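# Notes for the structure review
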Amino acid sequence: MLDKTFSPASVEETLYSAWEESGLMAAGSKPHAVPYTIMMPPPNITGSLHMGHAFTFTLQDILIRFYRMQERDVLWQPGTDHASISTQMVVERQLNQENLTRHDLGREKFLERVWKWKGESGGAINYQLRRLGASPDWSRERFTMDEGLSAAVRHVFVELHTQGLIYRDKRLVNWDPKLHTAVSDIEVESLPVQGMMYYFNYPLEGQPEKHITIATSRPETVFGDVAVAVHPEDERYHHLIGKFLRHPLTDQLIPIVGDLHADPEKFTGAVKITPAHDFNDFEVGRRHHLPMINVLDKNGCLNENVPPEYHGLDRFIAREKVVEDMTAKGLFEKAEPALISVPHGEKSGVVIEPWLMDQWYVDAATLAQPALKAVEDGKTKFVPQHWENTYFEWLRNIQPWCISRQLWWGHRIPVWYGPDGKTFVALNEEDAHQDAKAFYQKDVTLTQDQDVLDTWFSSALWPFSTLGWPELTPEYKRYYPTDTLITGHDIIFFWVARMMMMGIHFTGEVPFETVYINALVRDEKGQKMSKSKGNVVDPLILLNTYGADTLRFTLASLAAPGRDVKFSQTQVEGYRNFATKLWNAARFAEMNGCVFNPDYTPINLSVPINQWIVQQTLHLSREVKNAIEAYKFNEAAHSLYHFIWGTFCDWYLEFCKPKFFGRGKEKTETQETVAWVLDHLLRFLHPFMPYMTEVLWKNLHPDAGLLMGEEWPQDKHLPYAEASDDIDWLIKVISAVRSVRAEMNVSPATHLNLSFYDAGPTTHRRACTCEDLLLKLARLNPIKVFSETLISEDAKGAAQVVIDEATLLIPLAGAIDIEAEKDRLNKELKKERAEIEGIEKKLGNADFLSRAPQEIVGTQQRRLDTARLAVQKLEQALGRLSGQ
């Protein structure tokens, strides 16, 4: 017997262990089936489950469980990412508590410490994914720095270098002065900062009384100025192009160059060019063959390339000194407050500096061309499709990819340097020494490059390196290319595009057929969740409070393609009620003897309500299946919700009650049909709510295996169209009567009269065959059916409803005080009209609209819509009372 309530905490851990031990999560158990593969985006080993994780992994697990039930050979490849910067920071913070630095330990001992931390604490998120009910093939779990994946990384580096697609170059990078490493664009957050725009005068050579005024927010970089750029068509300056200016602090000559980068409409129209400390200036410098002077060191302090009095100054202190010295020279024009977008390190929180240095780069422009063509030709599709525009934009404007990082934790770059600095790129140190010996004709000492690779480099190989590539393993041959990738739009370039580039280049095939871009989970007001705003929702708390099923179903119901999710705990509470509704329905069925009969078939049923429900159930099967296959998770969830809550619980089980009190064939057929429908509903709902459905499945099928291993029901064509239409009609009639009761404030205990006018043969038949249910569920006196047209005199004081060709007449005299009800409705109508007038006046006020936050305006608009709907319903109710 089922417990009175479902307790997620009491079953989730036990059920998950049963799933793991069953082997059903493992790929390869169906060797003759068609494979279906999803590569799990590997979470960082430092990570903890957040709402973004909960959302994307729920959607992935829905697909995995669904296709598992479709008898596909399913592989959901799990694993974690080594997360170079984040992991190194975690361990360095531990060392700081011991008054140590990584340099005190040395590289080898520090890496031992990181591996130790990884072994003790690095798997927390995998436990949390189990809490969520995620069902990947844990036996195949990979780590981006395990030996197999590391071998793939070295292989790719060596191959790309051999092909001339990896090279060493001096370019600008995002430099983190605190972490002392280059960081990727995704690890840089541009924040609006209230700063100053400083205007300085640069004297014209030979005409010191004349000058060009430039504006800058970073005076500390003036020592790296090597030119001033003006627009070639700017009438103020174009005659000066080719002349020189005197640097105001170093007295060096710097040229005036014509370049489209200078915007005549922006500030003074003249731009100081500092190629070593600005990405746009770097490109200007290359176009005009300008020198590049790096004036900062790794700590963000001014270096030896500046006047002695500035050497070693922190960049922000140097900023103040430059302004003071410019002022003393009479070359300071003015300073204006300005809101400036300043890049900050996501991990360190400090201001990031564009910094010129030697790094390793990938020729991304060459690799991007086949990746572009694959999406243009439809070999890989984006869902929603508009995200392919983001993909195209990135790849069509791609820059060289900086892949080296000044860290210790990560894939060390497989490059060794000889005594004279010559480079040897090899798969391992032994091969490097052999190459060096062949070159020098003797044994020499080699030094390996100190840097590690960008984390995204190894992640770019994830779809095939996890399957054993570069070895052509059976797993690689069977599961690659993969079917679906689910990820966020923020890493379309950083991860999706790079997997496409590497996958096509090294395997000749696209790594996945479909890229589903899931939405961003925001708070209930549509704001991005952040710790600073205090609006972060912790999914682990929700899992503890409501259980995994409720959270999963809530997230699925909100997963409308192309629309960000507005998430609130109230929604979770609402879907907990849905879970309770299903549980209570299963208990009701159990208490009424609804036992599953394995020999039951929905063909040749005799009871119309049973014919109707099996027809509706098979329609639901097609609806949910089609929605999941189209990645419309919200539509699938909504179909299940409305069917289970409305069609099954509120209607069918109510229709069944008289049958349960009867006896004989109709009772048995109804009991078995209820069990059959429940069996199907548990299958349909299992991908969304795996835990509760597994418990209810075991109760319905005590001797069966796990629901996880069951098949999706086969579609059938049943000859029950007439019965289905009849019961749909019955529901419309009952709903109409209940609506009149609610609108007219009629007591639920009062039995009403009901007459049908203009009734055709079908309505006559339905009124006869459905009369028992109609009288009971609508609380009616015996009904009357007329073929004649309704006479207006008969309609006075009665409510009218049109259903199909017939008019339903519900006399209200005696059921309510009609005049008193009219007075009440008129008062309500007056109140709602006054509400509408007030809101319309407010929304028509331009001053209000200019001052009010958008959120307040939206609330007012929703109140207006609600009031208008209320007026419409009140006018309908008054019309019914007046016989109109």
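Here's what I pulled together on the structure shown here. (Residues numbered from 1 in each chain as written. Predicted model: local features only at pLDDT ≥ 70, side-chain atom pairs only at ≥ 80, totals over all residues. Heavy atoms only, no water.)

Here we come to the overall build of the chain. Within the chain one finds 30 helices and 29 strands. Along the three orthogonal principal directions, the C-alpha set of the chain runs to about 110 × 70 × 55 Å. Across the 884 residues that make up the chain, the buried fraction comes to 53%. Considering only contacts within the chain whose residues lie at least 6 apart along the sequence, 76% involve residues at least 24 apart. Entry remark: accessible area of the chain is about 39800 Å², with carbon and sulfur atoms responsible for 50%. For the chain, the distance from the average position of its 94 positive side-chain charges to the average position of its 119 negative side-chain charges is 3 Å. (Helix = DSSP H or I, 4+ residues; strand = E, 2+ residues; numbered from the N terminus. Buried < 20%, exposed > 50% of the residue type's maximum accessible area, 1.4 Å probe, protein only. Contact = heavy atoms within 4.5 Å. Areas by Shrake-Rupley, 256 points an atom, 1.4 Å probe, with all protein chains shown as cover. Lys, Arg positive; Asp, Glu negative; His and termini not counted. Charge placed at Lys NZ, Arg CZ, Asp CG, Glu CD.)

With that settled, the discussion passes to the environment of Phe267. Residue placement: Phe267 occurs in the loop between strand S11 (253–258) and strand S12 (270–273). Accessibility expressed as a relative area gives 46% for Phe267, which makes it partly exposed. Separated by 361 residues in the primary sequence, Phe267 and Ile628 have C-alpha atoms spaced 53 Å apart. Apart from residues lying up to four places away in sequence, Phe267 is in contact with Met197, Tyr199 and Ala215.

The four strands are arranged S6-S5-S14-S16 in an open sheet whose pairing can be described as antiparallel. In this open sheet, the two strands that pair with only one neighbour each are strand S6 (181–183) and strand S16 (401–402). As paired strands, strand S5 (residues 166–176) and strand S14 (residues 353–362) are joined by ten bridges and run antiparallel to one another. Considered in S14, the bridge of Asp169 is made with Gln359. Across the face of the sheet, helix H8 (residues 279–287) comes into contact with S5 and S14 while running at roughly 145° to S5. (Pairing = 2+ DSSP bridges. Axes fitted to C-alpha atoms, helices over the stretch in contact; angles between N-to-C directions.)

The next point concerns the pairing of strand S2 (residues 73–77). Most of S2 is tucked away, with five of its five residues classed as buried. What you see with S2 is no split at all: Asp73, Leu75 and Gln77 on one side and Val74 and Trp76 on the other are buried throughout. Once the chain exits strand S1 (residues 35–39) it traverses helix H2 (residues 51–69) before rejoining the sheet at S2, and the crossover so formed is right-handed. (Right-handed = clockwise from strand over helix to strand, strands pointing away.)

Right, let's talk about unusual backbone geometry for a bit. A cis amide bond links Trp469 with the next residue in sequence, Pro470, at an omega value of 15°. Positionally, Pro470 belongs in the loop between helix H14 (462–465) and helix H15 (474–479). Put simply, Tyr480 and Pro481 share a cis peptide bond, and its omega is 0°. One non-glycine residue, Glu71, lies in positive phi territory at about 65°. Tracing the sequence through the fold places Glu71 in the loop between H2 and S2. Assessed through its relative accessible area of 33%, Glu71 is described here as partly exposed.

The subject of this paragraph is the sheet that holds strand S19 (residues 423–425). What the three strands build is an open sheet, ordered S19-S18-S20; its pairing is antiparallel. Whereas interior strands pair on both sides, the edge strands pair on one side only; in this sheet they are S19 and strand S20 (447–448). In the packing of helix H12 (residues 429–440) onto the sheet, the strands contacted are strand S18 (415–417) and S19, and the crossing angle to S19 comes to about 135°.

Relative to strand S29 (residues 806–811), strand S28 (residues 798–803) runs antiparallel, the two being bridged by six bridges. By the bridge assignment for S29, Ile803 is matched with Ala806. Linkage of S28 to S29, two consecutive antiparallel strands, is achieved through a turn of two residues, within which Asp804 is found at a positive phi near 55°.

Attention shifts here to the nonpolar core. Ranked by size, the top nonpolar core spans 138 residues in total, and within it Phe567, Phe648, Phe655 and Phe688 carry the most contacts. The biggest single contributor to this core is helix H21 (residues 633–660), with 14 residues. When near neighbours in sequence (up to four residues on either side) are disregarded, Phe648 contacts Ala585, Phe643, Leu653, Val674, Val677, Leu678 and Leu681. With 61 residues, the next largest nonpolar core counts Ile166, Phe392, Leu395 and Val515 among its residues. (Core = buried A, V, L, I, M, F, W, Y, C linked by side-chain atoms within 4.5 Å.)

With that settled, the discussion passes to the packing of helix H11 (residues 387–396) against helix H16 (residues 492–507). To characterise two packed helices, one gives the angle between the axes of the helices and the distance between these axes. Taken N-terminus to C-terminus, the directions of H11 and H16 make an angle of 75°; their axes are 10 Å apart at the nearest point. It follows from the interaxial angle that H11 and H16 lie roughly perpendicular. Touching Trp387, Thr390, Tyr391, Trp394 and Leu395 of H11 are Ile492, Phe493, Ala497, Met500 and Met501, all from H16. By residue class, the composition of the contact of H11 with H16 is nine nonpolar, one polar and no charged. (Parallel < 35°, antiparallel > 145°, perpendicular 65-115°, else oblique. Nonpolar A, V, L, I, M, F, W, Y, C, P; charged D, E, K, R; others polar.)

Using the criterion set out here, one finds zero disulfides in the structure. For Cys594, which is in no disulfide, the shortest distance to another cysteine sulfur is to Cys656 and amounts to 7.1 Å. Cys768 provides the cysteine sulfur closest to Cys770, a residue in no disulfide bond, and the two sulfurs are 9.2 Å apart. (Disulfide = S-S within 2.5 Å.)

Turning to the side chain of Asn634, a few remarks are in order. Relative to the helices and strands, Asn634 is located in helix H21. Beyond its immediate sequence surroundings of up to four residues, Asn634 is in contact with Ala556, Ser557, Ala559, Ala560 and Pro561.

Because each turn of an α-helix spans 3.6 residues, side chains separated by three or four positions end up pointing in the same direction. Over its 19 residues, H2 runs 27 Å from end to end, which matches the ideal 27 Å to within 8%, given 1.5 Å per residue. Taking burial as the measure, the 19 residues of H2 include 18 buried ones, the bulk of the element. Following H2 by one or two positions, Glu71 has its phi on the positive side, about 65°. (Expected span 1.5 Å × (residues − 1).)

The subject of this paragraph is the packing of aromatic side chains. This model, assessed by the stated rule, comprises 47 aromatic pairs. A centroid spacing of 4.8 Å and a plane angle of 25° characterise the contact between Phe553 and Phe578, whose relative ring orientation is stacked. With a gap of 25 residues between them, Phe553 in helix H18 (residues 548–557) and Phe578 in helix H19 (residues 569–591) connect regions that are remote in the sequence. For the ring pair Tyr757 and Phe786, a centre distance of 4.9 Å and an interplane angle of 25° mean the geometry is stacked. With Tyr757 in strand S26 (residues 755–757) and Phe786 in the loop between strand S27 (784–785) and helix H27 (792–795), the pair connects residues that are 29 residues apart, well separated along the chain. Among the aromatic residues, ring-to-ring pairing joins Phe553, Tyr575, Phe578, Tyr641, Trp645 and Phe688 into one connected group. Here the guanidinium or amino end of Arg171 rests over the ring plane of Tyr361, the centre of that ring lying 5.8 Å away. Over the ring of Tyr199 we find Lys334, and its NZ or CZ is 4.6 Å from the ring centre. (Phe/Tyr/Trp six-rings, centres within 6.5 Å; stacked < 30°, edge-to-face > 60°. Lys NZ or Arg CZ within 6 Å of the ring centre and 35° of its normal.)

What follows is about the side chain of Glu694. With respect to the element layout, Glu694 can be found in helix H23 (residues 690–700). No salt bridge is formed by the buried Glu694; its nearest oppositely charged neighbour, Arg65, is found at 5.6 Å. A distance of 2.4 Å separates a polar atom in the side chain of Glu694 from the backbone nitrogen of Leu707. Non-local contacts of Glu694, meaning those with residues more than four positions away in its chain, are made with Leu15, Trp19, His686, Leu706, Leu707 and Met708. (Salt bridge = Lys/Arg side-chain N within 4 Å of Asp/Glu carboxyl O. Polar contact = N/O pair within 3.5 Å; in protein donor to acceptor, adjacent residues only side chain to side chain.)

With that settled, the discussion passes to the pattern of salt bridges. Going through the model one piece at a time under the given rule, you end up with 45 salt bridges. The partner of Glu353 in a salt bridge is Arg315, with the nearest N and O atoms 2.8 Å apart. Pair noted here: Glu353 is in strand S14 and Arg315 is in helix H9 (residues 315–328), with a separation of 38 residues, a long-range link. Overall, the relative accessible area of 3% leaves Glu353 in the buried class. Ionic pairing is found between Asp804 and Lys732, a salt bridge with its closest N-O pair at 3.4 Å. With Asp804 in the loop between S28 and S29 and Lys732 in helix H24 (residues 721–744), this residue pair connects regions lying 72 residues apart in the sequence. Given a relative accessible area of 43%, Asp804 falls into the partly exposed group.

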